[in-house]
Number of protein chains: 2
Amino acid sequence: MTRKMHLNLFIQGIGHHEAAWRHPGTDPADMMDIGYYQRLAQQAEAAKLDAIFIADALAINHHVEHGPFNNFFEPFTLLAAVAAVTTKIGVIGTASTTYHEPYDLARKFASLDRVSRGRAGWNIVTSGNEMAAQNFGHDQHMQHAQRYARATEFVEVTRALWDSWEDDALLADRAGGRFVDGRKLHPIHHEGTFFKVRGPLDFPRPPQGHPVLVQAGSSTDGREFAARFAEAIYTAQNNLADAQDFYGDVKARMRAHGRRPDQLCILPGLAAVVGATRQEARDKAAELNEYIVPQYGLHQLSNNLGLDLFTYPLDGPLPELPPIEAINGGKSRYQVFVDLARRDNLTIRQLIHAIAFGRGHDTFAGTAIDIADHMQEWFEGGACDGFNLLPPNLPGDMGVFAATVLPELRRRGLFREDYGGSTLRDHFGLDRPVNRFTAQPAMAN
Amino acid sequence: MTRKMHLNLFIQGIGHHEAAWRHPGTDPADMMDIGYYQRLAQQAEAAKLDAIFIADALAINHHVEHGPFNNFFEPFTLLAAVAAVTTKIGVIGTASTTYHEPYDLARKFASLDRVSRGRAGWNIVTSGNEMAAQNFGHDQHMQHAQRYARATEFVEVTRALWDSWEDDALLADRAGGRFVDGRKLHPIHHEGTFFKVRGPLDFPRPPQGHPVLVQAGSSTDGREFAARFAEAIYTAQNNLADAQDFYGDVKARMRAHGRRPDQLCILPGLAAVVGATRQEARDKAAELNEYIVPQYGLHQLSNNLGLDLFTYPLDGPLPELPPIEAINGGKSRYQVFVDLARRDNLTIRQLIHAIAFGRGHDTFAGTAIDIADHMQEWFEGGACDGFNLLPPNLPGDMGVFAATVLPELRRRGLFREDYGGSTLRDHFGLDRPVNRFTAQPAMAN
């Protein structure tokens, strides 16, 4: 069997283009309507995508006056409602290790995995956002390295909690009056730097053993974290060479953690603008950019680059920036924006236009054939295992992609005709984790 | 229009009787199946109940070897999946103010309210459970008075966050490029004893303004808290006189907080065992009690009474108990158990049987007419505004109740024929809260 791409639909409001909400092809009322998200997930399931992917922020954004910044639903309630009306597609939700407790998240993801019958994934983030910190009792947000140290301990505790019921702990032995086998429940008695957790969890082990662990940071700390824990990575890569470097680096780092490279799917974001002709695709992209409200991009760039850009001319060059060491937010996003601006010597306005489709993710306009060629080049060129799709307008551009690009990928044998299983681990080709507390059967001689 | 009862279905696993899981009328596999909870909620909606009600614990229970202790789903994911397959019935979930952050719960309930299109309720608890404390970094759990002080500040912050978007803050003005009206978003800048929260929330105001606030503790602290905040109370009352005292006391306390008594529904638990004849009802109750595993009740009583009962003879009397001042868990439940035992001079085994149906809630076996009489007596006698129903077996006994008791209540004009609205506030007859940040229109002269 040939290797197949993995494709997620990243659902972000009514489209990833920052001005999608102003485009006549969208309906802003959809953002508030759970039915919209449910229908979109059903559409993605009909297209046989691996999963839908939901971001999250724990604070409002400064640029909200000029455009949306997230979904108007938090991930657990959104994804449970989506799971209720789908049967195959994975549901990946973002949750922060900085502002939650491991016992709480362990049980919420265990529950989402059971609600979806084995389709849950956790996109682990450390929330590099000052506003979020101020909503959770802090003046400033935690330092980058500290956040990753906390995330590491958090994930270790969470995985131990998921294992705290062996798979066969629940007896429900009516005649004998034994509900669970107490010998198969395990307190974890964790005492670490950040957390003290007794356990066991109050739920049976999730259907997938562990919900799929997804990660989205690409700094050095982020890569090391991913190599150790992640089973899927969502990463911002905007050219083939960088994507290949990243792919090779993270897969190599996995070996140091005793992991097989096939147990991690690397999925860069792809903002594809599809046209019947190249001109039509370019026109569509240009039309979307006409709706841009510059203040939105100025807020976003100022936030990511650690500098107030409102005082500089829009059509002038980027000013001198603080060094990456001074950035305590998304370090990898800072680097992507700086590289983009320097490569083509962009003005501030041009940089705003360049990131309007995908916030620094790979943006590509062309015909379905062009896009399939581009995806194939990355997929076969050691740059990725598939893509996190960022349609400019939603639901419209998901429909266009499914109707034009997916058939071309299938014709080339690069994407599944149908689901082979019904869990997210099945779709991603990931092993079900062995329970650390379950005695291994003796090896045969 | 005559006053009508409000009725919730409290869904607790496959029944409220502690041995329901051993009864041939239930299926333990249902506990793990989201479809079971969804069908049960649909059944309750077909019966026109006000809401389903879901408890929660943040720890496993010592008696899990001998019986279930909660649902194998956490409330947000469970209720969002239920909301996705229903359109009218309210969805009330329990969440603790002791182990969460107000910003986190404010957004989750706002989101559940939006997923359900205005049907969410929050059962506010303070988690009097040592095991939960140990899952959240503490050696011991917080003292009772301290927990209520924290809960009070928590609810104040949460309500302010729900108001932090005025109802008309979202503009989605495409032509003007204005997504929200920044003047209608309000940081709350809260700095209190327990929390420091900037705000505003990252979601628009919930459809109900505020999800309905429900409360379940009946200690003095609990009553005062309820009089101030609660819009529905779930309370354990096992005789008419005590229920009347409680009802009168809490409604009177509301006035000191400037609230109208009709803005709070007091709903004691009711474990009704329905038979075609009284003898059949008694036999059914006796049959369920035959499945009791005494260790389950011993763990439960030991935990609630603050004393290890395993060393005392099952058929002997309750030993000397610690005074209520020494109880740092559910103080009101302690009192209910002690009163039950003393009133009828029960042995330990008899007390276990007496609480097996409803953990101290009113338990009543009889014909549909008897049960309707009993409910009417409480409802018209100033003891309640309705009931939280605790069927012994599920889904079976919900079906029996809907088919026999509800028609009798309707015949008497005591329960609705159909829903009059589509939000939980509509069902409970509660006002939609005015937003504290919205300027009141000037009074007409």
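Residues numbered from 1 in each chain as written. Chains lettered and ligands numbered in written order. Predicted model: local features only at pLDDT ≥ 70, side-chain atom pairs only at ≥ 80, totals over all residues. Heavy atoms only, no water.

1. Notes on the overall build of chain A
Okay, step 1: Along chain A, the regular secondary structure elements total 14 helices and 13 strands.
Okay, step 2: Here chain A has a C-alpha radius of gyration of 22 Å; the compact-globule value for 445 residues is 22 Å, and the two agree.
Okay, step 3: For chain A, the spread of C-alpha atoms along the principal axes amounts to about 75 × 50 × 45 Å.
Okay, step 4: Per-residue burial over chain A gives 62% buried out of 445 residues.
Okay, step 5: Partitioning the contacts of chain A with sequence separation of at least 6, the portion at a separation of at least 24 is 77%.
Okay, step 6: Here chain A contributes 44 positively and 53 negatively charged side chains, and the mean placements of these two sets differ by 6 Å. (Helix = DSSP H or I, 4+ residues; strand = E, 2+ residues; numbered from the N terminus. Rg over C-alpha atoms; globule rule 2.2 N^0.38 Å. Buried < 20%, exposed > 50% of the residue type's maximum accessible area, 1.4 Å probe, protein only. Contact = heavy atoms within 4.5 Å. Lys, Arg positive; Asp, Glu negative; His and termini not counted. Charge placed at Lys NZ, Arg CZ, Asp CG, Glu CD.)

2. Notes on the packing of aromatic side chains
Okay, step 1: For the coordinates displayed, the defined rule picks out 40 aromatic pairs over all chains.
Okay, step 2: Taken together, a centroid distance of 5.1 Å and an interplanar angle of 70° make the contact between Trp21(A) and Phe179(B) edge-to-face. Here the residue Trp21(A) occupies a position in the loop between strand E1 (6-10) and helix H1 (34-46), and Phe179(B) occupies one in strand E6 (residues 178-180), the pair thus bridging two chains.
Okay, step 3: What makes Trp21(A) buried here is its relative accessible area of 1%.
Okay, step 4: For Phe179(B), a relative accessible area of 1% translates into the label buried.
Okay, step 5: Summarising the aromatic geometry, the rings of Phe76(A) and Phe109(A) are spaced 4.8 Å apart at their centres and angled 65° between planes, so their arrangement reads as edge-to-face. Residue Phe76(A) is found in helix H2 (residues 75-83), and its partner Phe109(A) is found in helix H3 (residues 102-115); the two are separated by 33 residues along the sequence.
Okay, step 6: Members of the aromatic cluster, joined through ring pairs, are Phe76(A), Phe109(A), Trp122(A), Phe154(A), Trp162(A), Phe194(A) and Phe195(A). (Phe/Tyr/Trp six-rings, centres within 6.5 Å; stacked < 30°, edge-to-face > 60°.)

3. Some remarks on the UniProt feature "binding site: FMN" (unreviewed entry) in chain A
All names here are of chain A.
Okay, step 1: UniProt marks Asp56, Thr94, His144, Tyr148, Ser218 and Ser219 with the feature "binding site: FMN" (unreviewed entry), using the numbering shown here.
Okay, step 2: Along the chain, His144 turns up in helix H5 (residues 144-162).
Okay, step 3: Taking the relative accessible area as the measure of exposure, His144 reaches 7% and is therefore buried.
Okay, step 4: The topology assignment puts Ser218 in the loop between strand E9 (212-215) and helix H6 (220-229).
Okay, step 5: Of the residues examined, Ser218 reaches a relative accessible area of 11% and is grouped as buried. (UniProt positions renumbered as here; feature names shortened; annotations may be inferred.)

4. Considering the nonpolar core
Okay, step 1: Ranked by internal contacts, the top residues of the largest apolar core, which has 186 residues, are Leu49(A), Met375(A), Leu49(B) and Met375(B).
Okay, step 2: Among residues more than four places away in sequence, those in contact with Leu49(A) are Leu7(A), Asn8(A), Leu9(A), Ala44(A), Ile89(A), Leu389(A), Met398(A), Leu406(A), Phe415(A), Arg416(A) and Tyr419(A). (Core = buried A, V, L, I, M, F, W, Y, C linked by side-chain atoms within 4.5 Å.)

5. Thoughts on the relation of the copies chain B and chain A
Okay, step 1: Expressed as a screw transformation, the operator carrying chain B onto chain A has a rotation angle of 180° and an axial translation of 0.0 Å, and the superposed copies differ by an RMSD of 0.0 Å. Classification of the inter-copy transformation places it as that of a two-fold axis. Rotation axis and chain B: the residue whose C-alpha lies nearest the axis is Ala81(B), separated from it by 2.4 Å.
Okay, step 2: Looking at chain B, 100% of its interface residues are interface residues in chain A too, so the copies touch through the same face. (Least-squares fit on C-alpha atoms with pLDDT ≥ 70 in both.)

6. Looking at helix H13 (residues 396-411) of chain B
Residue and element names in this part refer to chain B.
Okay, step 1: With 16 residues, H13 should reach 22 Å at 1.5 Å per residue; the first-to-last C-alpha distance of 23 Å fits that figure.
Okay, step 2: By the largest-angle criterion, Ala402 marks the main kink of H13, which is about 35°.
Okay, step 3: Along H13, the residues that are buried comprise Asp397, Met398, Phe401, Val405, Leu406, Glu408, Leu409 and Arg410.
Okay, step 4: Against the buried residues of H13 lie strand E1 (6-10), helix H1 (34-46), strand E11 (265-274), helix H8 (278-290), helix H12 (368-380) and strand E13 (386-389).
Okay, step 5: Of the residues one or two after H13, Gly413 is the one with positive phi, at around 75°. (Expected span 1.5 Å × (residues − 1). Bend = angle between axes of the 7 residues up to and from the residue.)

7. What about unusual backbone geometry?
Okay, step 1: Between Leu394(A) and the following residue, Pro395(A), the backbone shows a cis peptide bond with an omega angle of 0°.
Okay, step 2: As for its placement among the helices and strands, Pro395(A) is situated in the loop between strand E13 (386-389) and helix H13 (396-411).
Okay, step 3: One non-glycine residue with positive phi stands out, namely Ala172(A), at about 50°.
Okay, step 4: Structurally, Ala172(A) is set in strand E5 (residues 170-173).
Okay, step 5: In this structure, Arg359(B) takes a positive phi of about 50° despite not being glycine.
Okay, step 6: Following the sequence through the fold, Arg359(B) ends up in the loop between helix H11 (348-355) and strand E12 (362-366).
Okay, step 7: With relative accessibility at 18%, the residue Arg359(B) sits in the buried group.

8. A look at the interface of chain B and chain A
Bring the parts together and some accessible area is lost; that lost area is often taken as the interface size.
Okay, step 1: Counting from both sides, the interface comprises 75 residues of chain B and, opposite them, 75 residues of chain A.
Okay, step 2: For the pair chain B and chain A, the summed buried area comes to about 6200 Å², and 61% of that belongs to carbon and sulfur atoms.
Okay, step 3: Of all residues in chain B, the largest losses of buried area upon contact with chain A belong to Phe72(B), Arg174(B) and Phe179(B), amounting jointly to 13% of the total for that side.
Okay, step 4: For the pair chain B and chain A, the number of links is eight salt bridges. (Buried area = accessible area lost by both parts, 1.4 Å probe. Salt bridge = Lys/Arg side-chain N within 4 Å of Asp/Glu carboxyl O.)

9. Section: helix H9 (residues 294-305) of chain B
Given 3.6 residues to a turn, an α-helix orients residues that are three or four positions apart in the same direction.
Residues and elements named next belong to chain B.
Okay, step 1: The end-to-end C-alpha separation of H9 is 16 Å, in line with the 16 Å expected for twelve residues at 1.5 Å each.
Okay, step 2: By the burial criterion, the buried members of H9 are Tyr296, Gly297, Leu298, Gln300, Leu301, Ser302, Asn304 and Leu305.
Okay, step 3: Taken together, the buried residues of H9 touch helix H10 (331-343) and H11.
Okay, step 4: Note on H9: the residue one or two positions beyond its end, Gly306, has a positive phi of about 70°.

10. Quick look at the UniProt feature "domain: Luciferase-like" (unreviewed entry) in chain A
Okay, step 1: Here, UniProt's "domain: Luciferase-like" (unreviewed entry) annotation points to residues 22-289 of chain A.
Okay, step 2: Annotation note: span residues 22-289 of chain A, helix share 37%, strand share 17%, distance between end C-alpha atoms 10 Å.

11. A word on the side chain of Asn393(B)
Residue and element names in this part refer to chain B.
Okay, step 1: You can see Asn393 is positioned in the loop between E13 and H13.
Okay, step 2: By relative accessible area, Asn393 is classed as buried at 6%.
Okay, step 3: Not counting the four nearest positions on each side in its chain, Asn393 is found in contact with Ile14, Gly15, Ala20, His23, Thr26, Leu288 and Met398.

12. What about the environment of Arg255(B)?
Residues and elements named next belong to chain B.
Okay, step 1: With respect to the secondary-structure elements, Arg255 resides in helix H7 (residues 240-256).
Okay, step 2: Judged by relative accessible area, Arg255 falls into the exposed class, the value being 56%.
Okay, step 3: Taking the C-alpha atoms as reference, Arg255 lies 19 Å from Arg432; in sequence the two are 177 residues apart.

13. Looking at the packing of helix H12 (residues 368-380) of chain A against H13(A)
All names here are of chain A.
Okay, step 1: At their nearest, the axes of H12 and H13 sit 9 Å apart, and the two run at 50° to each other. As judged from the angle between their axes, H12 and H13 are oblique. Classified by chirality, the crossing of H13 by H12 is right-handed. Of the residues in H13, those in contact with Ala368, Ile369, Ile371, Ala372 and Met375 of H12 are Phe401, Thr404, Val405, Glu408 and Leu409. (Axes fitted to C-alpha atoms, helices over the stretch in contact; angles between N-to-C directions. Parallel < 35°, antiparallel > 145°, perpendicular 65-115°, else oblique. Left-handed = near helix turned anticlockwise from the far one by under 90°.)

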